[in-house]
Structure formats: C-alpha cells, structure tokens
Amino acid sequence: MAILPGQRCDEEEEKKEDPMVQEILIRGGAPLRPDHELSTSLSLGERITKGKTILLLSNLVTPDELDYLVESSIAAADAQTDKQDGDMICTLEEGYKGKVFIRMPLFAAAQRENCTDGLPESISLKLEEILWRALDCMDRQVCPSLKATVLNVSQDDNTTDASMAGLFHNQQLQFSIREPAINVYRAPHGHFAMHKDGRDLTILMSLSDPTQQFTGGGTAFWSQSFPHEGLDEPSLILAPPPGTAMVFGGKVSHKGCHIRTGTRVMFVASFNRPMAQEKEEETKEG
Ligand SMILES: O=C(O)CCC(=O)C(=O)O
Ligand SMILES: [Fe+2]
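Please read these numbers as outputs of a predicted model, since none were measured by experiment.

A. Expanded view of empty space enclosed by the protein. Taken as a whole, this structure holds two cavities of 30 Å³ or more when the rule is applied. The computed volume of the second largest cavity comes to approximately 40 Å³. Around the second largest cavity, the lining residues are Ser206, Pro210, Phe214, Gly217, Thr219, Leu238, Ala239, Pro240, Met246, Arg264 and Met266. The residue makeup of the lining of the second largest cavity, split by class, is seven nonpolar, three polar and one charged.

Laid out in structure tokens, this is it:
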C-alpha cells in the first residue's frame, strides 16, 4: 500500500480472516509525530462526516471473487467501448481526445435510471453482496458513532433496520446517479479529476491489484485545511490491496490519479440515508 510519510499502515492482512477496520487521518501540513494520538473530542462518525478521516475495511473479498470481478468488468468495458456510444459512458477532459474512464452502473442502478450501459446481472449481484459485507462490517465494528452521525439514528436505537446493511437491504439508501458502479481506467489517460462526492458516505474499492495489474493510479485525498489541487499537494495517496474498501465522507476532495500502465477497476458507491420526512412524502405520494 502506498501511503505518504507520516501515515502508518499495518502489513496486509491474510485473506479469509474476519473483516478488519483501520483508520487513516487525512492530515495536511507536517507529518504526524509517531506518538500522535487521534483527537478525542470528535467521535469517529464525526471525523468521517467532517471529512477528516478515511476508514479502510479489509478482508471483504476472496481472491477468486476478485479474479472474477476484474475479468468480467474489463469484458463489460470492452463491450461498451465497441458500441462506440462513448458520450454516455465516459468523462472527457480538455486535452484528451479519448475516454478517461468508463463507468458502468450496476444492473439495478441502470434499471432505476433507464440506462443501457449497465453491468450484467450476475456480476452486479456479486458486487451488491460485497457492498453488503462492507456495510455489515461497519455496522459491527464502527457503529454506534456512525449511527449517530451518518445515519442520524439515536445511539440507543438498536433496532436492526437502523443498520446500514439493513437500510441497503430494504432499498432505503439513496445512491448517487449511476451508482453503485464500476469505473474502469486504462493507460495512458485513465484518471478521475478531483471532486467531492457530496453524499453522506462513499465506499471506494479497488478490485485490481496495484502491485500486478496496473502502475500509478492510486486515490489522492486532500485534507479540509489544504484542499486546493495544484496549490496543495494531496495529503494522502492510497492504493490499498484489492478488495480493501476506502470509506469517507462527502466533503473530502479526492481524485483517481493517472494510471501509467495496465487497467484499474474500481467499485464505487456513494449514498445518503433518505431523511425521515422524504420517506413520509414518498409514502404519501405512493
Ligand atoms: O478511482 C478513484 O480512485 C476515484 C473514483 C471516484 O472518486 C468516484 O468514482 O467517485
Ligand atoms: Fe469520488
């Protein structure tokens, strides 16, 4: 894993172990002292919503699942490229003639939005299962402080449908347009310009292996205090092992760095929990 100086990272965990959660502060300026302790004035949920930190969730995906997902995502991207209806599926940036990445929504997201470039149902179901694992891992290991902030649920509320996995299962998470999705980046132009996702939470997971399947192309993050691309160096560039989810709040400026060689396949899901009022309105309208 590539981590800028001042950040610490444990050795890669053995696969097939229980999911693990690790926190990495997004901190601009001088590197952290080795004895630095995380601020105790904010809960973990608050650190996430204020854009100060990233969670890494590991051991969520088996090597066989990763092989299957990478292979079928690349095949689906190739099929989209062959169709030549690039405007719908790519983001262009000044100076580039070609696509900088291909985004394919999961089957359900494509149905929801009437897109014709959705991923096949089989791969989409596997990705939904993996998203559920990530949410369940956070429910078990990161709540209750996430419940109180991101989900806006009282810390005393232990009902099962107040879990993130439960909200997802009951289709109560509001995903960004064309998400959940797979982004496929190819050398030499593949990248995603700096942006904020603007939702309560983003889950971003590389499915391809940065040590074998591509070079370049980590995700760069900017701290809230030094958020200007070009002026401020990214505070952190992460390229975790495949199957490790990066979880962060919608205020965090980030970008998918240019890849130099190979193909990089990323899974992305950013979402809000619908407000109680919106839910009531939906019920009234329905
Ligand atoms: O590929 C990356 O590292 C970033 C992708 C991203 O930020 C997004 O899809 O919203
Ligand atoms: Fe993003």
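B. Main features of the site of ligand 1. Close contacts around ligand 1 come from 13 residues, with Arg103, Asn183, Tyr185, Thr219 and Arg264 the closest. The side chain of Asn183 places a nitrogen or oxygen atom 2.9 Å from an oxygen atom of ligand 1. At 2.6 Å, a side-chain N or O of Thr219 approaches an oxygen atom of ligand 1. Contact with the protein chains removes 99% of the 290 Å² of surface that ligand 1 exposes when unbound. Looking at the shell around ligand 1, the elements that each hand over two or more residues are β5 (181–186), β6 (192–195), β12 (253–256) and β13 (259–272). The greatest single-element share of the shell around ligand 1, amounting to three residues, is contributed by β13. Its residues assigned to classes, the shell around ligand 1 shows five nonpolar, five polar and three charged.

C. Structural context of the sheet that holds strand β9 (residues 219–222). A sheet is described by the order of its strands in space; here four strands give the open sequence β6-β12-β9-β10, paired in antiparallel fashion. Whereas interior strands pair on both sides, the edge strands pair on one side only; in this sheet they are β6 and β10 (236–238). Each neighbouring strand pair of the sheet contributes to a mean axis angle of 15 degrees, computed without reference to strand direction. Relative to β10, β9 runs antiparallel, the two sharing three bridges. Note on β10: the bridge partner recorded for Ala220 is Ile237.

D. How the structure looks around the nonpolar core. Residues Leu135, Met138 and Leu207 are the most contacted members of the largest nonpolar core, which totals 45 residues. Here this core gets eight residues from one element, more than from any other, and that element is helix α5 (residues 121–141). Counting residues in hydrophobic clusters, the runner-up holds 19 residues, among them Ile26, Leu56, Tyr185 and Leu238.

E. Expanded view of the coordination of the iron ion (ligand 2). Here the iron ion (ligand 2) is held by His195 (NE2), Asp197 (OD) and His254 (NE2), and the distances to it run 2.1 to 2.3 Å. We note that the donor set of the iron ion (ligand 2) lies within a single chain, spaced as H-x1-D-x56-H.

F. Spotlight on unusual backbone geometry. Backbone torsion omega between Glu179 and Pro180 reads -5 degrees, so that peptide bond is classified as cis. Locating Pro180 in the fold gives a position in the loop between β4 (174–175) and β5. Of note in the backbone geometry, Gln171 takes a positive phi value of approximately 55 degrees without being a glycine. Note that Gln171 resides in the loop between α7 (164–169) and β4. Of the residues examined, Gln171 reaches a relative accessible area of 72% and is grouped as exposed. Its identity is not glycine, yet Arg178 carries a phi of approximately 60 degrees, on the positive side. Residue placement: Arg178 occurs in the loop between β4 and β5. Taking the relative accessible area as the measure of exposure, Arg178 reaches 14% and is therefore buried.

G. The pattern of salt bridges, seen in detail. Per the stated rule, a full pass over the model turns up 10 salt bridges. Glu23 is the partner of Arg47 in a salt bridge, and the nearest nitrogen-oxygen pair spans 2.9 Å. You can see Arg47 sitting in helix α1 (residues 44–49) and its partner Glu23 sitting in strand β1 (residues 20–25), a full 24 residues away along the chain. Lys126 is the partner of Glu65 in a salt bridge, and the nearest nitrogen-oxygen pair spans 2.9 Å. Taken together, the residues span a long stretch of sequence, with Glu65 in helix α2 (residues 63–83) and Lys126 in helix α5 at a distance of 61 residues. Overall, the relative accessible area of 11% leaves Glu65 in the buried class. A single salt-bridge network, built from bridges that share partners, covers Glu65, Lys126, Glu129 and Arg133.

How each quantity is defined
- Residues numbered from 1 in each chain as written.
- Chains lettered and ligands numbered in written order.
- Predicted model: local features only at pLDDT ≥ 70, side-chain atom pairs only at ≥ 80, totals over all residues.
- Heavy atoms only, no water.
- 1 Å grid on protein atoms, 1.4 Å probe; cavity = no way out; pocket = protein on both sides within 12 Å on 5 of 7 lines; lining within 4 Å.
- Points joined across faces, edges and corners; volume = space filled by probe spheres on them.
- Nonpolar A, V, L, I, M, F, W, Y, C, P; charged D, E, K, R; others polar.
- Near = heavy atom within 4 Å.
- Polar contact = N/O pair within 3.5 Å; in protein donor to acceptor, adjacent residues only side chain to side chain.
- Areas by Shrake-Rupley, 256 points an atom, 1.4 Å probe, with all protein chains shown as cover.
- Helix = DSSP H or I, 4+ residues; strand = E, 2+ residues; numbered from the N terminus.
- Pairing = 2+ DSSP bridges.
- Axes fitted to C-alpha atoms, helices over the stretch in contact; angles between N-to-C directions.
- Core = buried A, V, L, I, M, F, W, Y, C linked by side-chain atoms within 4.5 Å.
- Buried < 20%, exposed > 50% of the residue type's maximum accessible area, 1.4 Å probe, protein only.
- Donors = N, O, S within 2.8 Å, 3.2 Å for Na, K, Ca; no water.
- Salt bridge = Lys/Arg side-chain N within 4 Å of Asp/Glu carboxyl O.

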